[in-house]
Amino acid sequence: MPSPKTLPMGRLQPGNVVAPDRPPSRLPAAPVLLPQSSHKKGQWKSTKLFRRAVKSVFRSFPVINPPCKMPVSLHGNRMHEGHIHGGKQMTGTLFGYRKARVNLAIQETPRSVPLLVLELSIHTGKLLQDMGSGLVRIALECEKNPSEKLKLIDEPIWTMYCNGRKAGYAVKRGPTEDDLKVMQNLHAVSMGAGVLPSQKADSPEGELTYMRAFFERAIGSKDSETYYMMNPNGTSGPELSIFFVRV
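Residues numbered from 1 in each chain as written. Predicted model: local features only at pLDDT ≥ 70, side-chain atom pairs only at ≥ 80, totals over all residues. Heavy atoms only, no water.

S.K.: When you look at the pairing of strand S10 (residues 192-196) in this model, what are you seeing that I'm missing?
M.R.: Walk down a regular strand and you will see the side chains alternate between the two sheet faces. Taken across its five residues, S10 has five buried, putting it largely inside the fold. Pairing of S10 with strand S11 (residues 208-221) involves five bridges; the strand directions are antiparallel. Looking at the pairing, Val 195 lines up with Thr 209 of S11. (Buried < 20%, exposed > 50% of the residue type's maximum accessible area, 1.4 Å probe, protein only. Helix = DSSP H or I, 4+ residues; strand = E, 2+ residues; numbered from the N terminus. Pairing = 2+ DSSP bridges.)

S.K.: Please clarify how the packing of aromatic side chains should be interpreted in this entry.
M.R.: Ring pairs (aromatic) are described by centroid distance and by the angle formed between their planes. Evaluated as defined, the whole model comprises three aromatic pairs. Aromatic pair Trp 158 and Phe 244: ring centres 5.2 Å apart, planes at 80°, arrangement edge-to-face. Linking Trp 158 in strand S8 (residues 157-162) with Phe 244 in strand S13 (residues 240-246), this pair joins segments that are 86 residues apart in sequence. Assessed through its relative accessible area of 1%, Phe 244 is described here as buried. (Phe/Tyr/Trp six-rings, centres within 6.5 Å; stacked < 30°, edge-to-face > 60°.)

S.K.: Just to check I follow, could you spell out the side chain of Thr 93 for this structure?
M.R.: Tracing the backbone shows Thr 93 in strand S4 (residues 88-97). When its relative accessible area of 0% is taken as the criterion, Thr 93 is described as buried. Those residues in contact with Thr 93 that sit more than four places away from it in its chain are Asn 103, Leu 104, Ala 105, Gln 107, Met 183, Leu 186, Met 211 and Arg 212. (Contact = heavy atoms within 4.5 Å.)

S.K.: Would you explain the nonpolar core in this entry?
M.R.: The nonpolar side chains of soluble globular proteins are, as a tendency, buried together. Grouped together as the largest cluster of nonpolar side chains are 31 residues, with contacts concentrated most on Ile 138, Leu 140, Leu 240, Ile 242 and Phe 244. If we skip the residues at most four places from it in the chain, Ile 242 touches Leu 104, Ile 138, Leu 140, Phe 215, Glu 225, Thr 226 and Tyr 227. Judged by nonpolar contacts, the second largest core, of 15 residues, contains Leu 180, Leu 196, Leu 208 and Tyr 210. (Core = buried A, V, L, I, M, F, W, Y, C linked by side-chain atoms within 4.5 Å.)

S.K.: Sorry, what's going on with the pattern of salt bridges here?
M.R.: In a structure, side chains of opposite charge can pair up when their charged atoms sit close to one another. Across all of its chains, the model carries 11 salt bridges by this definition. The partner of Lys 172 in a salt bridge is Asp 154, with the nearest N and O atoms 2.7 Å apart. Placement of the pair is Lys 172 in strand S9 (residues 165-172) and Asp 154 in the loop between strand S7 (136-142) and S8, with a sequence separation of 18 residues. A residue is classified by how much of its surface remains accessible, and Lys 172, at 24% relative accessible area, is partly exposed. Beyond isolated ion pairs, a larger network of salt bridges with shared partners links Arg 101, Glu 119, Arg 173 and Asp 179. (Salt bridge = Lys/Arg side-chain N within 4 Å of Asp/Glu carboxyl O.)

S.K.: What's the story with unusual backbone geometry in this structure? I'm lost.
M.R.: Phi is mostly negative for residues that are not glycine, and the peptide bonds are mostly trans. Positive phi outside glycine occurs at Asn 163, with the angle close to 50°. Here Asn 163 is to be found in the loop between S8 and S9. For Asn 163, a relative accessible area of 4% gives the class buried.

Okay, structure coming up:
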């Protein structure tokens, strides 16, 4: 099975990112073997490599950092020195072709089937560019319907704001075969960024890129929850936060 092609990240910790010895090849047709998971099996060791990697990969992009207007309310969770206390640790993966819309997958562990897959209206390259330049806040809003009993993350469509500016919509969907192949290829990656093998060789949409990190899930109420990307060095706030709000 081909493994992810990673971008230069300096010296890597074993098990963090898989780097191949040959150029990317086509994705295998083998069945996806991700197991279902109901809980995480342990804490993952953090390093400084991930933050350095994202910065080094995208440091050449221009700064696009408008102010975020999204208020934060943790309701029982508190942030201190870059960490969210009281939340649950999840695995979040941003992936997609560089010139196509980015996808967000949330998993309980890097080896489990995604609990949530969202297609965002922003292009993959643009989002990674913004993250390499500074803080990014994504707010996803939907209307509250008292007659429906859906869980918050089961809402089908969201109005999307990026750093306080309306940026189209986000749509929830079930994981496709292609999504599961990406998760299968990344099952041994705990955090990192790079390029994946793709069946779309020389695609006008660009390379199939990914960025994976741990996220802290903070639940405010049945109508609000937030996913904070965790920085391995723990010295500053998260570079990416995703807010889900029913209004």
